[in-house]
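Residues per chain are reported as follows:
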Amino acid sequence: MAMSMLHTFTATLSYSREHSKTQRQKSSSVICSSRRDYVPNYIQDPNYVRIFDTTLRDGEQSPGATMTPKQKLNIARKLVELGVDIIEVGFPASNKADLDTVKSIAYEVGNETKDENAHVPVMCALARCTKEDIDKAWECLKDAKFPRLHVFLATSDIHMEYKLRMSKEEVIDKARSMVAYARSLGFTDIQCCAEDAGRSEKEFLYEFLGEVIKAGATTLNIPDTVGFNLPREFGQLIADVRANTPGIDDVIISAHCHNDLGLATANTLEDIGLYRANESGLILGKLSGRHALKSRLSEIGYKINKTELDDLFWRFKSLAETKKVITDDDLIALMSHPVI
Ligand SMILES: CC(C)C(=O)C(=O)O
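In this text the structure is predicted, and so the values were computed from the model without any measurement.

Structural notes on the packing of aromatic side chains
As enumerated under the stated definition, the model contains 6 aromatic pairs in all. Seen in terms of ring centroids, Phe91 and Phe152 are 6.3 Å apart; in terms of plane orientation they differ by 75 degrees. Their pairing is edge-to-face. Pair noted here: Phe91 is in the loop between β3 (86–90) and α3 (96–109) and Phe152 is in strand β5 (residues 147–154), with a separation of 61 residues, a long-range link. Classification of Phe91 as buried rests on a relative accessible area of 14%. Ring geometry for Trp138 and Phe187: centres 4.8 Å apart, planes at 65 degrees, overall edge-to-face. Within this pair, whereas Trp138 is found in helix α4 (residues 131–141), its partner Phe187 is found in the loop between α6 (168–185) and β6 (190–195), the two being separated by 49 residues in sequence.

Listed below in structure tokens is the structure:
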């Protein structure tokens, strides 16, 4: 079961977020202003987050969530209106109906329009790591303005042993050669997915990802395929991938989280607008005392003496008169401007 931004109420669909190395979440006005010059492996504005919507593909995997071709086209049009950057339109090799639908949606909404300022999203199709699947994806997307291939292969021990029956070396070899094959057909925008990344052995994952970057992948999809990761763990996984994958600065990282434990949004947004309480569950505000302040500071890494606490406490109190909650960022700002 996965989840989407659009269909959270059904808890069925999938929701991905892409960002470059230094990105954080940003407002929709920034999203609109930065979208125009699409470069697959590079986002000019370091604060811009690309939205990859897989309602039409992963969303359909939930029991009872199947859609007719007409419904899919209507949804695709709505996604364009919403300004979604990348629409995963389907999995052409899975059945003929999907192939036809991907082709027609790519034609209807993924092409140049007369209005050169109109938003044309990237059209993405899923494929296993086989030539047949990749050929079908290319057949559907080759005339789109921005065609993207999403190719996947599992990297967790359990999937490699029991589903793929392949060794680590074979998995790397296959992924590398299929990314290169997609390039040879004409795909210049290739999203490579390490399926079940959330349960994969990390050193192997870095190696796999590094190799597909060398072969020509432009986005790396890091999924929590079985909806099993917790937010801190998933955040750490992304941080580790960033820190340890060779060539990572040349690609975009995409998070793809499933909602089996109800954590897809929290896992995806590495920030969900909640204030973090201290270990005893308290939020800092105008009623907080010295002890609470000192203990939160220590939790975020500041050790201060009595004199420093005296100084800080009164500045903290006067700030707390002006806002409801004092965040960690506020504390960091207060600490970086000591009066004594
Ligand atoms: C098959 C891939 C792309 C996926 O949806 C997942 O791993 O969650």
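There's plenty left to go through after this.
Some details on the packing of helix α2 (residues 69–82) against α3
At a minimum axis distance of 10 Å, the contact between α2 and α3 shows a crossing angle of 35 degrees. In the packing of α2 onto α3, the handedness of the crossing is right-handed. Residues Pro69, Lys72, Leu73, Ala76, Arg77 and Val80 of α2 lie in contact with α3, whose contacting residues are Asp98, Thr101, Ile105, Glu108 and Val109. Residue classes in the contact of α2 with α3 are distributed as 6 nonpolar, 1 polar and 4 charged.

Some remarks on the domain arrangement of the protein chain
Looking at the protein chain, the domain boundaries give domain 1 (36–272) and domain 2 (284–336). If you average the C-alpha positions of domain 1 and of domain 2, the two centres end up 43 Å apart.

Regarding the site of the ligand
Taken together, the neighbourhood of the ligand is formed by Arg57, Asp58, Leu126, His150, Phe152, Cys193, Glu195, Pro223, Thr225, His256 and His258. Measuring from an oxygen atom of the ligand, one finds a side-chain N or O atom of Arg57 at 3.0 Å. A distance of 2.6 Å is found between an oxygen atom of the ligand and a side-chain nitrogen or oxygen belonging to Thr225. Coverage of the ligand by the protein amounts to 94% of the 260 Å² it exposes when considered alone. Among the secondary structure elements, those contributing two or more residues to the shell around the ligand are β5 and β6. Classifying every residue of the shell around the ligand gives 4 nonpolar, 4 polar and 3 charged.

Points about the nonpolar core
With 64 residues, the main nonpolar core has Met123, Ile134, Leu149, Phe187, Phe208, Leu220 and Ile222 as its most contacted residues. Of the residues forming this core, the biggest block, 8 residues, is contributed by helix α7 (residues 202–215). Apart from residues lying up to four places away in sequence, Met123 is in contact with Ile87, Val89, Ile105, Ala106, Val109, Gly110, Leu141, Ala144, Phe146, Pro147 and Arg148. In terms of nonpolar packing, the next biggest core, distinct from the first, is built from 13 residues, Leu293, Leu309, Leu312 and Phe316 among them.

Re α6
Its 18 residues give α6 an end-to-end C-alpha distance of 26 Å, which sits within 8% of 26 Å, the value for a rise of 1.5 Å per residue. For α6, every residue scored as buried is listed here: Val171, Ile172, Ala175, Met178, Val179, Tyr181 and Ala182. Turning to α6, the residues buried within the fold contact α4, β5, α5 (157–164), β6 and α7. Following α6 by one or two positions, Gly186 has its phi on the positive side, about 135 degrees.

Examining the pairing of strand β7 (residues 219–224)
For β7, a buried count of 6 out of 6 residues is recorded, marking the element as mostly surrounded by other parts of the structure. Both faces of β7 are covered, namely the face carrying Thr219, Asn221 and Pro223 and the face carrying Leu220, Ile222 and Asp224. Pairing of β6 with β7, which is carried by 3 bridges, proceeds in the parallel orientation. Residue pairing in the sheet places Cys192 in a bridge with Leu220 of β7. At this point the chain moves from β6, through α7, to the parallel β7, and the crossover so formed is right-handed. Alignment of β7 against strand β8 (residues 252–257), held across 6 bridges, turns out to be parallel.

Scoring rules and cut-offs
Residues numbered from 1 in each chain as written. Predicted model: local features only at pLDDT ≥ 70, side-chain atom pairs only at ≥ 80, totals over all residues. Heavy atoms only, no water. Phe/Tyr/Trp six-rings, centres within 6.5 Å; stacked < 30°, edge-to-face > 60°. Helix = DSSP H or I, 4+ residues; strand = E, 2+ residues; numbered from the N terminus. Buried < 20%, exposed > 50% of the residue type's maximum accessible area, 1.4 Å probe, protein only. Axes fitted to C-alpha atoms, helices over the stretch in contact; angles between N-to-C directions. Left-handed = near helix turned anticlockwise from the far one by under 90°. Contact = heavy atoms within 4.5 Å. Nonpolar A, V, L, I, M, F, W, Y, C, P; charged D, E, K, R; others polar. Domains from an automatic or database assignment. Near = heavy atom within 4 Å. Polar contact = N/O pair within 3.5 Å; in protein donor to acceptor, adjacent residues only side chain to side chain. Areas by Shrake-Rupley, 256 points an atom, 1.4 Å probe, with all protein chains shown as cover. Core = buried A, V, L, I, M, F, W, Y, C linked by side-chain atoms within 4.5 Å. Expected span 1.5 Å × (residues − 1). Pairing = 2+ DSSP bridges. Right-handed = clockwise from strand over helix to strand, strands pointing away.

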